[in-house]
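A look at the structure
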Amino acid sequence: YNIHLDTRINLDERIGQMAPVLTDAERTAGPVLIGGDLNTNPLRWIGNVFPIPGSASQADGTYEYMTRRGYRSALPVGKVTHD
């Protein structure tokens, strides 16, 4: 699966975007690979327009959610994929 999440969303919306993919993947008999751009950032969004810096990490919440669903990351925790 290849997912590309919106940037200006909070963790609950991020999980909502991933949920249909994970539900479909759970129906697959073999191994599953989910990749893409999760667009996590250290912000909380008000109305998907105004960022509040220094909020809880979306990356941590997304990682925890995926781990609870039985997935593991190919990258070390906290590893960013940009300069």
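In what follows, the structure referred to is the one given above.
A few points on the structure. Everything quoted here is computed from the prediction, not taken from an experiment. For every chain, the first residue of the written sequence is number 1, and numbering continues from 1 onward in sequence order. The predicted nature of this model means local features are confined to residues of pLDDT at least 70 and side-chain atom pairs, given and counted, to a pLDDT of 80 or more, with totals for whole chains, interfaces and linings taken over all residues. The side-chain values count all of the structure's non-hydrogen atoms but skip hydrogen atoms and water molecules.

1. Let's talk about the nonpolar core
Heads up, the rule is: To qualify as a nonpolar core, a set must consist of buried Ala, Val, Leu, Ile, Met, Phe, Trp, Tyr and Cys residues joined through side-chain atoms within 4.5 Å. We call a residue buried when its accessible area falls under 20% of the maximum for its residue type, exposed when it is over 50%, and partly exposed in between, using a 1.4 Å probe and counting protein chains only. Secondary structure elements are defined from DSSP: runs of H or I of at least 4 residues count as helices, runs of E of at least 2 residues count as strands, and each element is numbered from the N terminus. Residue contacts are counted whenever heavy atoms from the two residues lie within 4.5 Å of one another.
By size, the foremost hydrophobic cluster in this structure holds 9 residues: Ile3, Leu5, Met18, Val21, Leu22, Ala25, Tyr65, Met66 and Tyr71. The set of elements that each furnish at least two residues to this core consists of helix 1 (11-25) and helix 2 (58-68). Sort the elements by how many residues they give to this core and helix 1 lands first, with 4 residues. Filtering out sequence-adjacent residues up to four positions away, leucine 22 remains in contact with Ile34, Tyr65, Met66, Arg69 and Tyr71.

2. Thoughts on the packing of helix 1 against helix 2
Going by this rule: All axes are obtained by fitting lines to C-alpha atoms, using only the stretch in contact for helices, and the reported angles, taken between N-to-C directions, cover 0 to 180 degrees. Here is the rule for angles: anything less than 35 degrees is roughly parallel, anything more than 145 is roughly antiparallel, 65 through 115 is roughly perpendicular, and the remaining ranges are oblique. Left-handed describes a crossing whose near helix is turned anticlockwise from the far helix through less than a right angle; right-handed describes the clockwise counterpart.
The geometry of helix 1 relative to helix 2 is characterised by a closest axis approach of 10 Å and an angle of 30 degrees between their N-to-C directions. Judged by the inter-axis angle, helix 1 sits roughly parallel to helix 2. In terms of crossing hand, the pair formed by helix 1 and helix 2 is right-handed. Seen from helix 1, the contacting residues are Leu11, Arg14, Ile15, Met18, Ala19 and Leu22; seen from helix 2, they are Gln58, Gly61, Thr62, Tyr65 and Met66.

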